[in-house]
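Notes for the structure review
Read off the chains here:
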Amino acid sequence: MLRVRPVHFTSRPEKWEEFLAALGLAKTVDHGPWREFDAGSGRLALHVTEAGSPDDGTTSFGVEVGDLAEFARRTSLAGDESGSTTAELITADHGESCRITGRDGFTFLADPGAREVNGSGADAAVTVVGVWFTADPGPAAMTLQDIGARFRPVPDADETADFTAKNGGVLMVRPASGPSRSGLGFEYDGDVGTLRDRLAAAGLEVSETEEAFGRTLHVANPDAEGASTANPAPSIPPTLWISQRHREN
(Lines give C-alpha, C1' and ligand atoms only; values in the text may rest on other atoms or scores of the structure.)
Protein backbone atom coordinates (compact mmCIF):
# COMPACT_ATOMS: atom_id res chain seq x y z
CA MET A 1 0.00 0.00 0.00
CA LEU A 2 1.18 3.52 -0.78
CA ARG A 3 -0.87 6.69 -0.34
CA VAL A 4 0.18 10.32 -0.62
CA ARG A 5 -0.40 12.21 2.65
CA PRO A 6 1.52 15.44 3.15
CA VAL A 7 1.29 17.25 6.48
CA HIS A 8 0.70 20.99 6.36
CA PHE A 9 1.52 23.12 9.41
CA THR A 10 -0.57 26.23 9.89
CA SER A 11 -1.69 28.76 12.51
CA ARG A 12 -4.79 29.47 10.42
CA PRO A 13 -6.64 26.12 10.43
CA GLU A 14 -10.11 27.64 10.04
CA LYS A 15 -9.09 29.42 6.83
CA TRP A 16 -7.53 26.20 5.56
CA GLU A 17 -10.68 24.26 6.34
CA GLU A 18 -12.73 26.78 4.37
CA PHE A 19 -10.42 26.35 1.38
CA LEU A 20 -10.32 22.54 1.56
CA ALA A 21 -14.10 22.28 1.91
CA ALA A 22 -14.61 24.49 -1.15
CA LEU A 23 -12.02 22.49 -3.08
CA GLY A 24 -13.90 19.30 -2.30
CA LEU A 25 -11.97 17.53 0.44
CA ALA A 26 -13.86 15.94 3.34
CA LYS A 27 -12.66 16.22 6.95
CA THR A 28 -12.44 12.70 8.34
CA VAL A 29 -10.31 13.15 11.49
CA ASP A 30 -10.40 15.97 14.04
CA HIS A 31 -8.16 15.42 17.05
CA GLY A 32 -7.47 18.95 18.23
CA PRO A 33 -4.29 20.11 16.52
CA TRP A 34 -4.33 17.11 14.12
CA ARG A 35 -6.92 17.02 11.35
CA GLU A 36 -7.15 14.88 8.23
CA PHE A 37 -8.93 15.55 4.95
CA ASP A 38 -9.65 12.93 2.32
CA ALA A 39 -9.69 13.78 -1.38
CA GLY A 40 -10.92 11.66 -4.23
CA SER A 41 -7.28 10.54 -4.48
CA GLY A 42 -4.86 11.00 -1.59
CA ARG A 43 -5.10 12.61 1.81
CA LEU A 44 -3.90 15.82 3.49
CA ALA A 45 -3.22 16.31 7.19
CA LEU A 46 -3.30 19.69 8.92
CA HIS A 47 -1.20 20.22 12.02
CA VAL A 48 -2.09 23.37 13.97
CA THR A 49 0.96 25.33 15.09
CA GLU A 50 1.67 28.67 16.74
CA ALA A 51 1.68 31.82 14.61
CA GLY A 52 5.23 32.85 13.82
CA SER A 53 6.70 29.44 14.59
CA PRO A 54 9.40 28.17 12.18
CA ASP A 55 7.07 25.58 10.68
CA ASP A 56 4.04 27.85 10.25
CA GLY A 57 3.00 27.75 6.59
CA THR A 58 5.25 24.83 5.65
CA THR A 59 4.41 21.38 4.29
CA SER A 60 6.10 18.07 5.09
CA PHE A 61 6.30 15.59 2.22
CA GLY A 62 4.84 12.29 3.41
CA VAL A 63 3.13 9.02 2.57
CA GLU A 64 1.13 6.28 4.24
CA VAL A 65 1.94 2.59 3.87
CA GLY A 66 0.49 -0.73 4.98
CA ASP A 67 3.04 -2.98 6.69
CA LEU A 68 5.72 -0.58 7.93
CA ALA A 69 8.45 -3.19 8.41
CA GLU A 70 7.85 -4.74 4.99
CA PHE A 71 7.83 -1.31 3.36
CA ALA A 72 11.17 -0.47 5.01
CA ARG A 73 12.63 -3.83 3.91
CA ARG A 74 11.58 -3.42 0.28
CA THR A 75 12.67 0.20 0.12
CA SER A 76 16.05 -0.66 1.60
CA LEU A 77 16.59 -3.41 -0.97
CA ALA A 78 15.64 -1.08 -3.81
CA GLY A 79 17.82 1.66 -2.32
CA ASP A 80 20.83 -0.63 -2.09
CA GLU A 81 20.49 -1.28 -5.81
CA SER A 82 19.88 2.32 -6.89
CA GLY A 83 22.27 3.96 -4.45
CA SER A 84 19.75 6.79 -4.05
CA THR A 85 17.70 5.87 -0.99
CA THR A 86 17.95 4.79 2.63
CA ALA A 87 15.04 3.63 4.79
CA GLU A 88 15.17 3.49 8.58
CA LEU A 89 12.50 2.41 11.05
CA ILE A 90 12.22 5.05 13.79
CA THR A 91 10.03 6.07 16.70
CA ALA A 92 8.73 9.55 15.88
CA ASP A 93 6.78 11.89 18.15
CA HIS A 94 3.54 10.43 16.80
CA GLY A 95 4.60 6.75 16.92
CA GLU A 96 6.34 4.17 14.75
CA SER A 97 7.42 5.42 11.34
CA CYS A 98 9.96 4.93 8.56
CA ARG A 99 12.34 7.72 7.64
CA ILE A 100 13.29 7.88 3.96
CA THR A 101 16.42 9.79 2.95
CA GLY A 102 17.30 10.73 -0.61
CA ARG A 103 20.77 11.30 -2.00
CA ASP A 104 20.34 15.07 -1.68
CA GLY A 105 19.70 14.73 2.07
CA PHE A 106 15.95 15.34 1.79
CA THR A 107 14.02 13.25 4.32
CA PHE A 108 10.36 12.36 4.69
CA LEU A 109 8.28 9.93 6.71
CA ALA A 110 6.20 6.92 5.73
CA ASP A 111 3.56 6.35 8.40
CA PRO A 112 1.19 3.41 8.86
CA GLY A 113 -2.07 3.92 7.00
CA ALA A 114 -4.57 3.23 9.73
CA ARG A 115 -7.67 3.50 7.54
CA GLU A 116 -8.89 3.66 3.97
CA VAL A 117 -9.84 6.92 2.33
CA ASN A 118 -13.45 7.85 3.05
CA GLY A 119 -14.84 9.17 -0.20
CA SER A 120 -18.14 10.23 1.37
CA GLY A 121 -18.51 13.96 0.82
CA ALA A 122 -15.24 14.32 -1.12
CA ASP A 123 -15.03 15.42 -4.75
CA ALA A 124 -13.77 12.35 -6.61
CA ALA A 125 -11.98 14.57 -9.15
CA VAL A 126 -9.55 16.10 -6.60
CA THR A 127 -6.06 14.65 -6.15
CA VAL A 128 -3.53 15.65 -3.47
CA VAL A 129 -0.04 16.35 -4.84
CA GLY A 130 3.21 16.30 -2.85
CA VAL A 131 6.19 18.04 -4.47
CA TRP A 132 9.91 17.45 -3.89
CA PHE A 133 11.96 20.46 -5.00
CA THR A 134 15.62 19.58 -5.46
CA ALA A 135 18.79 20.61 -7.27
CA ASP A 136 19.36 16.92 -8.07
CA PRO A 137 16.09 15.63 -9.58
CA GLY A 138 17.42 12.37 -11.05
CA PRO A 139 18.21 10.61 -7.75
CA ALA A 140 15.06 12.08 -6.18
CA ALA A 141 12.97 10.45 -8.90
CA MET A 142 14.80 7.19 -8.25
CA THR A 143 13.91 7.42 -4.55
CA LEU A 144 10.22 7.70 -5.39
CA GLN A 145 10.55 4.60 -7.55
CA ASP A 146 12.34 2.88 -4.67
CA ILE A 147 9.36 3.46 -2.34
CA GLY A 148 7.00 1.94 -4.90
CA ALA A 149 5.55 4.99 -6.66
CA ARG A 150 4.63 4.49 -10.30
CA PHE A 151 6.20 6.72 -12.93
CA ARG A 152 3.66 8.78 -14.88
CA PRO A 153 4.94 10.03 -18.26
CA VAL A 154 4.23 13.68 -19.01
CA PRO A 155 4.92 15.61 -22.23
CA ASP A 156 8.08 17.70 -22.33
CA ALA A 157 9.11 16.40 -18.90
CA ASP A 158 12.67 17.80 -19.05
CA GLU A 159 14.05 17.33 -15.51
CA THR A 160 10.62 16.94 -13.95
CA ALA A 161 9.12 13.59 -12.96
CA ASP A 162 5.61 12.64 -11.90
CA PHE A 163 4.55 9.52 -9.99
CA THR A 164 1.26 8.07 -8.83
CA ALA A 165 0.71 6.17 -5.59
CA LYS A 166 -1.25 2.92 -5.78
CA ASN A 167 -3.72 3.97 -3.08
CA GLY A 168 -4.12 7.58 -4.12
CA GLY A 169 -2.30 10.82 -4.75
CA VAL A 170 0.53 12.12 -6.92
CA LEU A 171 4.20 12.75 -6.10
CA MET A 172 6.27 15.14 -8.19
CA VAL A 173 9.95 15.98 -8.50
CA ARG A 174 10.74 19.51 -9.66
CA PRO A 175 14.21 21.04 -10.20
CA ALA A 176 15.02 23.99 -7.92
CA SER A 177 18.10 25.74 -6.63
CA GLY A 178 19.00 25.86 -2.95
CA PRO A 179 18.23 23.30 -0.23
CA SER A 180 15.74 20.56 -1.05
CA ARG A 181 12.25 21.31 0.22
CA SER A 182 8.65 20.18 0.06
CA GLY A 183 5.66 21.71 -1.71
CA LEU A 184 1.93 21.14 -1.93
CA GLY A 185 -0.54 21.28 -4.79
CA PHE A 186 -3.64 19.65 -6.22
CA GLU A 187 -4.90 18.23 -9.50
CA TYR A 188 -8.44 18.29 -10.80
CA ASP A 189 -9.83 15.66 -13.16
CA GLY A 190 -12.98 17.54 -14.10
CA ASP A 191 -14.34 20.85 -15.35
CA VAL A 192 -11.84 23.45 -14.09
CA GLY A 193 -14.26 26.27 -14.91
CA THR A 194 -16.92 24.77 -12.65
CA LEU A 195 -14.36 24.36 -9.88
CA ARG A 196 -13.28 27.98 -10.28
CA ASP A 197 -16.88 29.13 -9.91
CA ARG A 198 -17.28 26.98 -6.80
CA LEU A 199 -14.16 28.40 -5.18
CA ALA A 200 -15.17 31.96 -6.01
CA ALA A 201 -18.67 31.36 -4.63
CA ALA A 202 -17.04 30.35 -1.35
CA GLY A 203 -15.42 33.79 -1.16
CA LEU A 204 -11.94 32.68 -2.19
CA GLU A 205 -9.66 34.74 -4.42
CA VAL A 206 -8.99 32.64 -7.49
CA SER A 207 -7.32 33.29 -10.84
CA GLU A 208 -6.61 31.09 -13.85
CA THR A 209 -3.67 30.59 -16.19
CA GLU A 210 -3.45 28.64 -19.41
CA GLU A 211 -0.47 26.27 -19.29
CA ALA A 212 1.05 24.33 -22.17
CA PHE A 213 -0.88 21.18 -21.29
CA GLY A 214 -3.93 22.47 -19.46
CA ARG A 215 -5.37 25.13 -17.19
CA THR A 216 -4.24 25.90 -13.65
CA LEU A 217 -6.17 27.67 -10.91
CA HIS A 218 -4.37 29.79 -8.34
CA VAL A 219 -6.11 30.33 -5.00
CA ALA A 220 -4.97 32.80 -2.36
CA ASN A 221 -2.90 30.93 0.24
CA PRO A 222 -4.55 31.15 3.69
CA ASP A 223 -1.09 31.28 5.30
CA ALA A 224 0.06 34.20 3.16
CA GLU A 225 -2.85 36.29 4.41
CA GLY A 226 -1.66 35.91 8.00
CA ALA A 227 2.09 35.99 7.33
CA SER A 228 4.22 38.73 8.85
CA THR A 229 7.81 39.84 8.49
CA ALA A 230 8.43 38.38 11.94
CA ASN A 231 7.57 34.87 10.73
CA PRO A 232 10.89 32.97 10.48
CA ALA A 233 9.44 30.32 8.17
CA PRO A 234 10.67 30.14 4.56
CA SER A 235 8.86 32.35 2.07
CA ILE A 236 5.20 31.37 1.94
CA PRO A 237 3.85 31.17 -1.62
CA PRO A 238 1.05 33.69 -2.19
CA THR A 239 -1.17 31.14 -3.92
CA LEU A 240 -1.96 27.44 -3.97
CA TRP A 241 -2.27 25.74 -7.37
CA ILE A 242 -4.82 23.29 -8.73
CA SER A 243 -3.82 21.94 -12.14
CA GLN A 244 -6.07 20.37 -14.70
CA ARG A 245 -5.05 16.73 -14.85
CA HIS A 246 -3.24 15.91 -18.06
CA ARG A 247 -4.34 12.77 -19.84
CA GLU A 248 -2.28 10.99 -22.46
CA ASN A 249 -3.77 10.61 -25.90
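Refer to the preceding data block for the structure.
Let us look at the structure shown here.

The rules behind each value
Residues numbered from 1 in each chain as written. Predicted model: local features only at pLDDT ≥ 70, side-chain atom pairs only at ≥ 80, totals over all residues. Heavy atoms only, no water. Helix = DSSP H or I, 4+ residues; strand = E, 2+ residues; numbered from the N terminus. Rg over C-alpha atoms; globule rule 2.2 N^0.38 Å. Buried < 20%, exposed > 50% of the residue type's maximum accessible area, 1.4 Å probe, protein only. Contact = heavy atoms within 4.5 Å. Areas by Shrake-Rupley, 256 points an atom, 1.4 Å probe, with all protein chains shown as cover. Salt bridge = Lys/Arg side-chain N within 4 Å of Asp/Glu carboxyl O. Phe/Tyr/Trp six-rings, centres within 6.5 Å; stacked < 30°, edge-to-face > 60°. Pairing = 2+ DSSP bridges. Expected span 1.5 Å × (residues − 1). Arc of directions from axis to C-beta. Polar contact = N/O pair within 3.5 Å; in protein donor to acceptor, adjacent residues only side chain to side chain. Axes fitted to C-alpha atoms, helices over the stretch in contact; angles between N-to-C directions.

Here we take up the overall build of the protein. A count of helical and extended segments in the protein gives 5 helices and 18 strands. Taken over C-alpha atoms, the radius of gyration comes to 17 Å for the protein, in line with the 18 Å a tight globule of 249 residues would show. Each of the three principal axes of the protein carries a C-alpha extent, and together these read 50 × 45 × 40 Å. The buried share of the protein, reckoned over its 249 residues, is 47%. For the protein, contacts bridging at least 24 residues in sequence account for 65% of all contacts bridging at least 6. Accessible area for the protein stands at about 11600 Å²; split by element, carbon and sulfur atoms hold 49% of it.

As a further point, take the pattern of salt bridges. Throughout the structure, instances matching the rule amount to 20 salt bridges. Across the pair R35 and D30 runs a salt bridge, and its minimum N-O distance is 3.9 Å. Among the ionic pairs, D162 bridges to R174, the shortest N-O distance being 2.9 Å. With D162 in strand β13 (residues 161-164) and R174 in strand β14 (residues 170-175), this pair connects stretches of sequence that are 12 residues apart. Here the residues in one salt-bridge network are R3, R5, E36, D38, R43, E64 and D111, joined through shared partners.

To continue, consider the packing of aromatic side chains. Applying the stated rule across the entire model yields 9 aromatic pairs. Where F61 meets F106, the ring centres are 5.7 Å apart and the plane angle is 75°; that geometry is what we call edge-to-face. On the criterion of sequence distance, the pair formed by F61 in the loop between β6 (59-60) and β7 (62-65) and F106 in the loop between β9 (95-102) and β10 (107-112) is long-range, its members being 45 residues apart. Taken individually, F61 and F106 each receive the classification buried, so the pair is uniform in this respect. In this structure an aromatic cluster arises from ring pairing among F61, F106, F108 and W132.

Turning to the pairing of strand β4 (residues 34-38), a few remarks are in order. Burial of β4 is extensive: 4 of the 5 residues sit out of reach of the surface. Where strand β3 (residues 26-31) folds back onto β4 in an antiparallel hairpin, the turn is made up of 2 residues, including G32, whose phi is positive at roughly 65°. Across 5 bridges, the pairing between β4 and strand β5 (residues 43-48) is antiparallel. Pairing of E36 across the sheet is with A45, part of β5. The loop that links β4 with its antiparallel partner β5 comprises 4 residues; one of these, G42, has a positive phi angle of about 95°.

Our next topic: helix α2 (residues 68-82). Along its 15 residues, α2 runs 21 Å from first to last C-alpha, staying within 8% of the 21 Å computed at 1.5 Å per residue. Those residues of α2 that fall on the buried side of the exposure criterion are L68, F71, A72, T75 and G79. In an axial view of α2, the angular spread of the buried residues amounts to 95°, which keeps them on one side of the axis. α2 presents R74, D80 and E81 as exposed residues on the side facing more than 90 degrees away from its buried surface. In this fold, the buried residues of α2 make contact with β1 (2-4), β7, β8 (85-92), β9, β10 and α3 (137-146). Taking the backbone nitrogen of A69 as reference, a side-chain oxygen 3.1 Å away marks D67 as the first, capping residue of α2. Where α2 ends, the next residue or the one after it, G83, has phi of about 70°, a positive value.

It is worth spelling out the sheet that holds strand β2 (residues 7-10) at this point. One open sheet accounts for 5 strands, arranged β3-β4-β5-β2-β6; its pairing is mixed. Each edge of the sheet is formed by a strand with only one pairing partner; in this case those strands are β3 and β6. Examined bridge by bridge, β2 and β5 share 4 bridges and lie parallel to one another. Across the sheet, residue V7 finds its bridge partner in β5, namely A45. Of the strands in this sheet, β2, β3, β4 and β5 are in contact with helix α1 (residues 13-23), which crosses β5 at around 165°.

For the rest of this paragraph, the subject is the environment of V48. Among the structural elements, V48 can be located in strand β5. In this structure V48 comes out as partly exposed when scored by relative accessible area, which is 26%. Expressed as a C-alpha distance, the spacing of V48 and P33, which sit 15 residues apart in the sequence, is 4.7 Å. Excluding anything up to four places from it in sequence, V48 contacts T10, P13, G32, P33 and R35.

What follows deals with the side chain of S243. Along the chain, the position of S243 falls in strand β18 (residues 239-244). A polar contact of 3.3 Å, which involves the side chain of S243, links it to the side chain of T216. Apart from residues no more than four positions distant in its own chain, S243 is found in contact with F186, E187, Y188, R215 and T216.

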